[in-house]
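# Chains, contacts and geometry: an overview
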2 protein chains.
Amino acid sequence: MKRLGQYTILFERCPAILGHAAVGGKKEAEGPLARDFDQTFLDAYLAQESWEKAESMLQTEAATLAIRKAGLEKKNISMIFAGDLLNQCISSTFGLREMDIPFLGQYGACSTMAQTLAMASMAVESGAANYACAVTSSHFCTAERQFRTPLEYGCQRTPTAQWTATASGSAVLGYGRGVRVRHVTIGRIKDFGVTDVANMGAAMAPAAAQTLLDFLTDTATSPADYDHIYTGDLGAVGSTLMKKLLLENGVQIKNHEDCGLMLYDREMQDVHAGGSGCGCSASVLCGHILNRMEHGTLKNILFMATGALMSTTSSQQGESIPGIAHLIHLQAE
Amino acid sequence: MKRLGQYTILFERCPAILGHAAVGGKKEAEGPLARDFDQTFLDAYLAQESWEKAESMLQTEAATLAIRKAGLEKKNISMIFAGDLLNQCISSTFGLREMDIPFLGQYGACSTMAQTLAMASMAVESGAANYACAVTSSHFCTAERQFRTPLEYGCQRTPTAQWTATASGSAVLGYGRGVRVRHVTIGRIKDFGVTDVANMGAAMAPAAAQTLLDFLTDTATSPADYDHIYTGDLGAVGSTLMKKLLLENGVQIKNHEDCGLMLYDREMQDVHAGGSGCGCSASVLCGHILNRMEHGTLKNILFMATGALMSTTSSQQGESIPGIAHLIHLQAE
């Protein structure tokens, strides 16, 4: 592992994704990526007493499945990097409590899947871990009541609002057969002064543009060198803004898709500007994208998860919404 | 870097702490460790508009000082690992937003100083970072109103309650002269079923005992091999319980001190079972302990920060309080 340019890490031995799993809720099971989920649940409670416990269960299921699909057992995993949107990251804590795996909580808001994947890759390539697991989740009901309004209130949503996915994705890193991590670019916090909490896409777009520009500069490549560039989750508004910012910097991308626009059918499923939440890009990556990379349909992609680093307190105090984006360059064997 | 035993990471090139800084509030400036702080503030607001913004400022100050004391500039730092207790870790985000350093949010509750230090050490030794910064903070007023009751309510505190420190600690890792990181043991989540949110020490003691036992087993050493074993922040109740649990496993420690019992004068400063909060063990390490290691008074120590991985939501839903502890083995040059 060594540094490349100012912001990028180049992997020399390139850890592989040995196992991956995506689990989701009812709405996700009704969307266009339904068949890419390993498991879906029709009930938002997953037979638990609360939505928060249900979200924890999503992480338990995703991590357990990813470890099993890697042909490993819990005791083989040297460390697990996990995070979520809930206060004090309780979905991760309680979801992974019984696993008895050394635990490192990560917080990158909706960028957490890229962050946990970056940390797990670094741990494996450095020798700190034999196998490392990355997992993250979100749940529509836990996010709505924590960040917005009680669900019972039935608040009307603005056109720029995104729909928090009820989903979790997990990947197990190690050496062996699998899609390989080639580069990672860790993002810097970018804040263009957006204060509208119903427009996270706009708040995150500058960070996404910046991280992609950093990566392209550091690797001396252009967007056309990759089969596909996936962001998650800028939604419709943020995607347009990111492309505009990139164009202003002389970079045009034609091979871009946003996980938030892939998970649901926007017309039929009433999700306004698209999906969001840690679990959105996590489940699209650990289901749809990695499935296609393993089947050879995709060979060389960039996965860039984006996060809005705000809380209800910071917004109530009039703060703007800082964004962050981390990038992972993945290559099929 | 390689694995040693089941849970420990052995550093071969041993990254050094090139710079470190501790900042604190008025109560901390009146305590027995006053002279070990680089900077203290008499006003809980630090000239900001809210306590939350004040806590962010603590991180800005600590990280800026640590980087300067390492003889570096912000642009030299490859990545910063930061975390705190506030919902969505906003002290870190807003405190470090202007720094323009690649940012990786960490959540380990009050164990965060050990976690950020572990991650920064791994990043440097692996080559992922030239220099990496670790920083964490807490603030009495932000923690009380988020986790407990409005300060204006003047709620009576139970004897087992701990006092959240208004403080921040930061360390910069790299190669050069400084105290060296020899081993790291990443902890597992331990839950003995404690539900009393006014007794965090008891909730964290099992995790502390487990991580120390894991480290001693992996390194085939005993407590007497170290000058001192520091925990943070078990307080009076948790420290007694940890020692009891260790004794049940045949391990007696006589060279133990808890950062929560060092930061304040319990009799004179009315802090009940001792100090707590991410900033407590962070400031005791990055002030008092590292100062003594550099002056040669201490040569070989274990620093084990402990965290209670709960939220108000998890407690309101009747969940118990899981604990975690990460251990760092430090050696003077």
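Residues numbered from 1 in each chain as written. Chains lettered and ligands numbered in written order. Predicted model: local features only at pLDDT ≥ 70, side-chain atom pairs only at ≥ 80, totals over all residues. Heavy atoms only, no water.

A few words now on the overall build of chain A. For chain A, the helix and strand inventory stands at eleven helices and 15 strands. Over its C-alpha trace chain A gives a radius of gyration of 18 Å, about what one expects of a compact globule, namely 20 Å for 333 residues. In terms of overall dimensions, chain A has C-alpha extents of about 50 × 50 × 35 Å along its principal axes. Summarising the internal contacts of chain A: among those between residues at least 6 apart in sequence, 78% fall at separations of at least 24. Total accessible area computed for chain A in this model is approximately 11000 Å², and 49% of it derives from carbon and sulfur atoms. Taken as two groups, the 26 positive and 33 negative side-chain charges of chain A have centres that lie 5 Å from each other. (Helix = DSSP H or I, 4+ residues; strand = E, 2+ residues; numbered from the N terminus. Rg over C-alpha atoms; globule rule 2.2 N^0.38 Å. Contact = heavy atoms within 4.5 Å. Areas by Shrake-Rupley, 256 points an atom, 1.4 Å probe, with all protein chains shown as cover. Lys, Arg positive; Asp, Glu negative; His and termini not counted. Charge placed at Lys NZ, Arg CZ, Asp CG, Glu CD.)

Moving on: the side chain of serine 50 of chain A. Within the fold, serine 50 of chain A resides in the loop between β4 (39–40) and α2 (51–69). The exposure class of serine 50 of chain A is buried, given its relative accessible area of 7%. Here the side chain of serine 50 of chain A touches lysine 53 of chain A through a polar contact of 3.1 Å, landing on its backbone nitrogen. Leaving out residues up to four positions away in the same chain, serine 50 of chain A has contacts with Tyr45 of chain A together with Gln317 of chain B. (Buried < 20%, exposed > 50% of the residue type's maximum accessible area, 1.4 Å probe, protein only. Polar contact = N/O pair within 3.5 Å; in protein donor to acceptor, adjacent residues only side chain to side chain.)

With that settled, the discussion passes to the packing of helix α6 (residues 200–219) of chain A against helix α7 (residues 235–248) of chain A. Residues and elements named next belong to chain A. One way to put it is that α6 packs onto α7 with a least axis distance of 8 Å and a crossing angle of 40 degrees. On the basis of the axis angle, α6 is oblique to α7. You can see that α6 and α7 cross each other, and the crossing is right-handed. Across the interface between the two elements, Gly201, Ala202, Ala205, Pro206, Ala208, Ala209, Leu212 and Leu213 of α6 pack against Gly238, Leu241, Met242, Leu245 and Leu246 of α7. Partitioned by chemical class, the residues of the contact of α6 with α7 number eleven nonpolar, two polar and no charged. (Axes fitted to C-alpha atoms, helices over the stretch in contact; angles between N-to-C directions. Parallel < 35°, antiparallel > 145°, perpendicular 65-115°, else oblique. Left-handed = near helix turned anticlockwise from the far one by under 90°. Nonpolar A, V, L, I, M, F, W, Y, C, P; charged D, E, K, R; others polar.)

For the rest of this paragraph, the subject is the relation of the copies chain B and chain A. Mapping between the two chain copies consists of a rotation about an axis together with a translation along that axis. After a rotation of 180 degrees and a shift along the axis of 0.0 Å, chain B superposes on chain A with an RMSD of 0.0 Å. Taken together, the rotation angle and the small translation identify this as a two-fold axis. Most of the interface of chain B is mirrored in chain A: 100% of its interface residues are interface residues there too. (Least-squares fit on C-alpha atoms with pLDDT ≥ 70 in both.)

This structure, assessed with the given rule, holds 32 salt bridges over all chains. Arginine 188 of chain A serves as the salt-bridge partner of aspartate 214 of chain A, at 2.8 Å between the closest nitrogen and oxygen. Of this pair, aspartate 214 of chain A sits in helix α6 while arginine 188 of chain A is found in the loop between β10 (179–185) and α6, placing the two residues 26 residues apart along the sequence. Accessibility expressed as a relative area gives 9% for aspartate 214 of chain A, which makes it buried. Residue arginine 188 of chain A is classed as buried on the basis of its relative accessible area, which comes to 7%. Here lysine 53 of chain B makes a salt bridge to glutamate 49 of chain B, at a shortest N to O gap of 3.8 Å. Through salt bridges with shared partners, one network takes in Glu49, Lys53, Arg97 and Glu98 of chain A together with Asp191 and Glu319 of chain B. (Salt bridge = Lys/Arg side-chain N within 4 Å of Asp/Glu carboxyl O.)

If you look at the interface, chain B gives 58 residues, while chain A gives 58 residues. Here chain B packs against chain A, burying approximately 4800 Å² in sum over the two surfaces, 59% of which is carbon and sulfur. Considering only the surface of chain B that becomes buried against chain A, Arg3, Gln88 and Arg97 of chain B emerge as the three largest contributors, covering 15% of it. Counting the contacts that link chain B with chain A gives ten salt bridges. Between lysine 53 of chain A and glutamate 319 of chain B there is a salt bridge whose closest N-O contact spans 3.6 Å. Here chain B and chain A share 27 residue pairs in polar contact (both at pLDDT 80 or more) between them. Considered class by class, the residues forming the side of chain B that touches chain A number 28 nonpolar, 19 polar and eleven charged. Sheet topology places strand β6 (residues 103–107) of chain A next to strand β6 (residues 103–107) of chain B; three bridges connect them, and they run antiparallel. The residue bridging glycine 105 of chain A from the neighbouring strand is tyrosine 107 of chain B, located in β6 of chain B. (Buried area = accessible area lost by both parts, 1.4 Å probe. Pairing = 2+ DSSP bridges.)

Now for the pairing of strand β14 (residues 300–308) of chain B. Residues and elements named next belong to chain B. Where burial is concerned, most of β14 is hidden: nine out of the nine residues are buried. Judged by which residues are buried, β14 turns out to be covered on both faces: Asn300, Leu302, Met304, Thr306 and Ala308 on one side and Ile301, Phe303, Ala305 and Gly307 on the other are all buried. Where strand β11 (residues 228–232) meets β14, five bridges bridge the pair, whose relative direction is parallel. Looking across to β14, one finds that glycine 232 is bridged to alanine 305. The pairing of β14 with strand β15 (residues 323–331) spans nine bridges and is antiparallel. Bridge pairing in β15 links methionine 304 to leucine 327.

The next subject is unusual backbone geometry. Glycine aside, negative phi is the norm for most residues, and most peptide bonds take the trans geometry. Residues and elements named next belong to chain A. A cis amide bond links glycine 232 with the next residue in sequence, aspartate 233, at an omega value of 5 degrees. Within the secondary structure, aspartate 233 sits in the loop between β11 (228–232) and α7. In the Ramachandran plot, leucine 46 falls in the positive-phi region, its phi being about 45 degrees despite a non-glycine side chain. Structurally, leucine 46 can be placed in the loop between β4 and α2. The exposure class assigned to leucine 46 is buried, which follows from its relative accessible area of 11%.

Here we take up the domain arrangement of chain A. Residues and elements named next belong to chain A. As far as domains go, chain A holds domain 1 (15–174) and domain 2 (179–331). Look at where the C-alpha atoms of domain 1 and domain 2 centre, and you get two points 18 Å apart. At the junction of the two partners, domain 1 supplies 50 residues and domain 2 supplies 55 residues. Of the roughly 3900 Å² buried at the junction of domain 1 and domain 2 (both faces included), carbon and sulfur atoms supply 62%. Among the residues of domain 1 in contact with domain 2, His20, Cys110 and Gln162 are the three that bury the most area, contributing 18% of the side total. Where domain 1 packs against domain 2, one counts one salt bridge. In this structure, the salt-bridge partner of aspartate 36 is arginine 292, at a minimum N-O distance of 3.2 Å. Considering every element that reaches the side of domain 1 that touches domain 2, the biggest residue donor is helix α4 (residues 112–126), with seven residues. By residue class, the composition of the side of domain 1 that touches domain 2 is 25 nonpolar, 19 polar and six charged. (Domains from an automatic or database assignment.)

Turning our eyes to something else, we now look at the environment of glutamine 59 of chain B. All names here are of chain B. Within the fold, glutamine 59 resides in helix α2 (residues 51–69). Of the residues examined, glutamine 59 reaches a relative accessible area of 0% and is grouped as buried. When sequence neighbours within four positions are dropped, the list of residues in contact with glutamine 59 reads Ala82, Gly83, Asp84, Ser91, Ser92, Leu96, Val135, Thr136, Ser137 and Ser168. Here the side chain of glutamine 59 touches serine 137 through a polar contact of 3.0 Å, side chain to side chain.

This next bit is on the pairing of β10 of chain A. Residues and elements named next belong to chain A. Of all the seven residues making up β10, five are buried; the element is thus mostly covered by neighbouring parts of the structure. Two elements, strand β2 (residues 8–10) and β10, share three bridges in a ladder whose sense is antiparallel. Bridge pairing in β10 places isoleucine 9 opposite valine 184. One ladder, built from two bridges, connects strand β3 (residues 16–24) with β10; its direction is antiparallel. Bridged to alanine 16 within β10 is arginine 180.

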